[in-house]
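# An overview of the molecular structure
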Amino acid sequence: MPLTAEVPIRPLPPGRDTRMDAIERTVRAGGRLSEADGLALYETPDVHRVLALADLVRRRLHGRAAYFNINRHINYSNICALSCKFCAFHRKKDQDGAYEMDTARIVQEVQGAAAAGATEIHMVGGLHPWLPFQWYCDTLRAMKAAVPAMHIKAFTAVEIVHLQRISKRGAEGFEGIKAVLRDLREAGLGSLPGGGAEVFDDRVHDEAFKGKIRGEQWLDVHRAAHELGLNSNATMLYGHVERRPERIRHMRLLREQQDRTLADWARAQGIAAGPDGAIVLTGPETSYPKRRLPMPGQEGLSTGYFQTIIPLPFYPNESELERLPAPTGLENLRTLAIARLMLDNFPHVKAFWIMQTLPMAELMLGAGADDIDGTVVWYDITKAVGEGNHQETSVKDLAKAIRDAGFEPVERDTLYRRVVRDGAAWDVAE
Ligand code: V47
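Throughout what follows, the structure given in this document is the object of discussion. (Residues numbered from 1 in each chain as written. Predicted model: local features only at pLDDT ≥ 70, side-chain atom pairs only at ≥ 80, totals over all residues. Heavy atoms only, no water.)

### Details of the sheet that holds strand S2 (residues 71–75)
Sheet architecture is open: seven strands sit in the order S2-S3-S4-S5-S6-S7-S8, paired in parallel fashion. Each edge of the open sheet is held by one strand with a lone partner, namely S2 and strand S8 (348–349). (Pairing = 2+ DSSP bridges. Helix = DSSP H or I, 4+ residues; strand = E, 2+ residues; numbered from the N terminus.)

### A look at the packing of aromatic side chains
For the coordinates displayed, the defined rule picks out nine aromatic pairs. Pairing Phe306 with Phe346 gives two aromatic rings, centres 5.3 Å apart and planes at 15 degrees, and the pair type is stacked. In this pair, Phe306 sits in strand S7 (residues 306–313) while Phe346 sits in the loop between helix H11 (329–342) and S8, placing the two residues 40 residues apart along the sequence. The class for Phe306 is buried, based on a relative accessible area of 0%. These aromatic residues form a ring-pair network of at least three members: Tyr76, Trp135, Tyr136 and Phe155. Seen from the ring of Phe174, Arg223 lies directly overhead, with NZ or CZ sitting 4.1 Å from the centre. Over the face of the ring belonging to Tyr416 we find Arg412, whose NZ or CZ atom lies 4.3 Å from the ring centre. (Phe/Tyr/Trp six-rings, centres within 6.5 Å; stacked < 30°, edge-to-face > 60°. Buried < 20%, exposed > 50% of the residue type's maximum accessible area, 1.4 Å probe, protein only. Lys NZ or Arg CZ within 6 Å of the ring centre and 35° of its normal.)

### Let's talk about the pairing of strand S13 (residues 419–422)
Of the pairings in the sheet, the one linking S13 to strand S14 (residues 425–428) comprises four bridges and is antiparallel in character. Paired with Val420 across the strands is Asp427, a residue of S14. Between S13 and S14, which follow one another and run antiparallel, lie two residues, and Gly423 among them has a positive phi close to 65 degrees.

### Quick word on helix H5 (residues 133–146)
For H5, spanning 14 residues, the distance from its first C-alpha to its last is 20 Å, which sits close to the expected 20 Å at 1.5 Å a residue. Those residues of H5 not exposed but buried are Phe133, Trp135, Tyr136, Cys137, Thr139, Leu140 and Met143. (Expected span 1.5 Å × (residues − 1).)

### Observations regarding the site of the ligand
Near the ligand there are 23 residues, and of these Lys153, Gly196, Glu198, Tyr315 and Lys350 occur at the shortest range. Within the side chain of Glu198, an N or O atom sits 2.6 Å from an oxygen atom of the ligand. Within the side chain of Lys350, a nitrogen or oxygen atom sits 2.7 Å from an oxygen atom of the ligand. Coverage of the ligand by the protein amounts to 96% of the 610 Å² it exposes when considered alone. For the shell around the ligand, the elements supplying multiple residues, two or more each, are strand S6 (231–238) and S7. (Near = heavy atom within 4 Å. Polar contact = N/O pair within 3.5 Å; in protein donor to acceptor, adjacent residues only side chain to side chain. Areas by Shrake-Rupley, 256 points an atom, 1.4 Å probe, with all protein chains shown as cover.)

### Brief notes about the packing of helix H4 (residues 103–115) against H5
Contact geometry of H4 with H5 gives a least axis separation of 9 Å together with a crossing angle of 30 degrees. At the point where H4 passes H5, the crossing takes the right-handed sense. Counted together, Thr103, Ile106, Val107, Val110 and Gln111 of H4 and Trp135, Thr139, Ala142, Met143 and Ala146 of H5 form the full contact between these two elements. Of the residues in the contact of H4 with H5, the class split is seven nonpolar, three polar and no charged. (Axes fitted to C-alpha atoms, helices over the stretch in contact; angles between N-to-C directions. Left-handed = near helix turned anticlockwise from the far one by under 90°. Contact = heavy atoms within 4.5 Å. Nonpolar A, V, L, I, M, F, W, Y, C, P; charged D, E, K, R; others polar.)

### Section: the pattern of salt bridges
Tallied over the full model, the rule gives 33 salt bridges. For Arg32, the salt bridge goes to Asp259, with nearest N and O atoms at 2.7 Å. Here the residue Arg32 occupies a position in the loop between helix H1 (18–29) and helix H2 (35–43), and Asp259 occupies one in helix H10 (residues 244–269), the gap between them amounting to 227 residues. Residue classification places Asp259 among the buried residues on the basis of a relative accessible area of 6%. Between Asp373 and Lys350 there is a salt bridge, with the nearest N and O atoms lying 2.7 Å from each other. Taken together, the residues span a long stretch of sequence, with Asp373 in strand S9 (residues 371–374) and Lys350 in the loop between S8 and helix H12 (353–356) at a distance of 23 residues. Its relative accessible area of 2% is what places Asp373 among the buried residues. Residue classification places Lys350 among the buried positions, given a relative accessible area of 2%. A single network of salt bridges, built from pairs that share partners, joins Asp21, Glu24, Arg28 and Arg49. (Salt bridge = Lys/Arg side-chain N within 4 Å of Asp/Glu carboxyl O.)

### Concerning the nonpolar core
In terms of nonpolar packing, the biggest core is built from 114 residues, with Met123, Phe155, Leu184, Trp218 and Leu254 touching the most fellow members. The biggest single contributor to this core is H11, with seven residues. (Core = buried A, V, L, I, M, F, W, Y, C linked by side-chain atoms within 4.5 Å.)

### Describing the sheet that holds strand S12 (residues 408–411)
One open sheet holds the three strands; their spatial order is S9-S1-S12, and the pairing between them is parallel. Since the sheet does not close on itself, it has two edges, and those belong to S9 and S12, each with one partner. When the angles between neighbouring strand axes are averaged without regard to direction, this sheet yields 30 degrees. Here two bridges tie strand S1 (residues 65–69) to S9, and the two strands are oriented parallel to one another. Note on S9: the bridge partner recorded for Asn69 is Gly374. Along the sheet, helix H14 (residues 395–404) makes contact with S1, S9 and S12, crossing S1 at roughly 160 degrees.

If you want it as structure tokens, here you go:
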């Protein structure tokens, strides 16, 4: 076929999508979208309208600010008692590539990170079969002793449940989880990362995540953390065996838990709850008499809460689910925008550049995301592009990406306070 052959042009979808008109009215008025609305956002051919609506609420919350941080990931060990199909990270102890770091090595990493100006360590690992609970507390203490200002965001919910099992503290269930979190907080834990949520659905769980904790237990761990005043994040790992309605339900369950968590704070702020106790943070300026973002230490806020939703596209490479196609760029953009629209009581939406790629994260800043995560350095769990696990970007490159996308870079700490710095020395702005 000659290169100049005419390419058939596909007809545009007929007319406007009337469901989208109703959704737009709800969003503009600061109302809450239903699960059916969430599905309509997935089904509409007018994806640009979905992205534009997400951008509208993102700008209401954050204006042109786009957050990043200076951080380091430490994956202390990949030895794991589980063998989840979707995970390419885990190893058994005698398997090729199995590793574990000792406390001294972890402390060294923390010191190196501090010298490079990092404000946060993000530390997670597998469910290590023989490290005792005391090791985790001692390691946190050693990390904090070495660099007291470093925020330690560590351990996914399944690791916390594992630690509760091995802690031999007697207490079980919710109270046991709380007791373990209390010990970890005393040792230096600052917040929980959002990992391991996957998709809250028993069918999906049993097909792809068997052995890991179910959604209900994941939510309980985060509720316990919030009750102790620890903030946390939430992820959604999509694009594997789940279907779109299950993603929407995942978002709804997170939103309901956040409503219950924020209820007292919202009341103190004069933010009226909608029907069914809905706390919507993404409405127009006129609906909020005071600051709409919960901040640590803020009057009326005695609990922690979910700060950020992080949609994670599934990368099948090297996992047992390798046969599956990874989600497309457009699906990733749409999913992130829908998360912004559905999770109206989450202050932040993160486009984790490591998994989304930096150019895609730039696009996402205009489609609902207000945060692209940090400088990272080593990331062992998965990779979107290239070989190896050295995935580092500089502050200069992060700031450039944010400016290129038309936003204003703002360095934040883990709790989304603005950072002021002089080289590696830093503080949070008043
Ligand atoms: O829990 C595992 C996911 C998560 C694959 O809280 C995979 O700020 C894609 O939770 N393809 C870890 N994803 C990452 C995570 C995270 C990242 C950045 C910031 C924060 C935060 C949290 O990665 C795991 C799992 O859900 N994952 N395997 C895979 N093949």
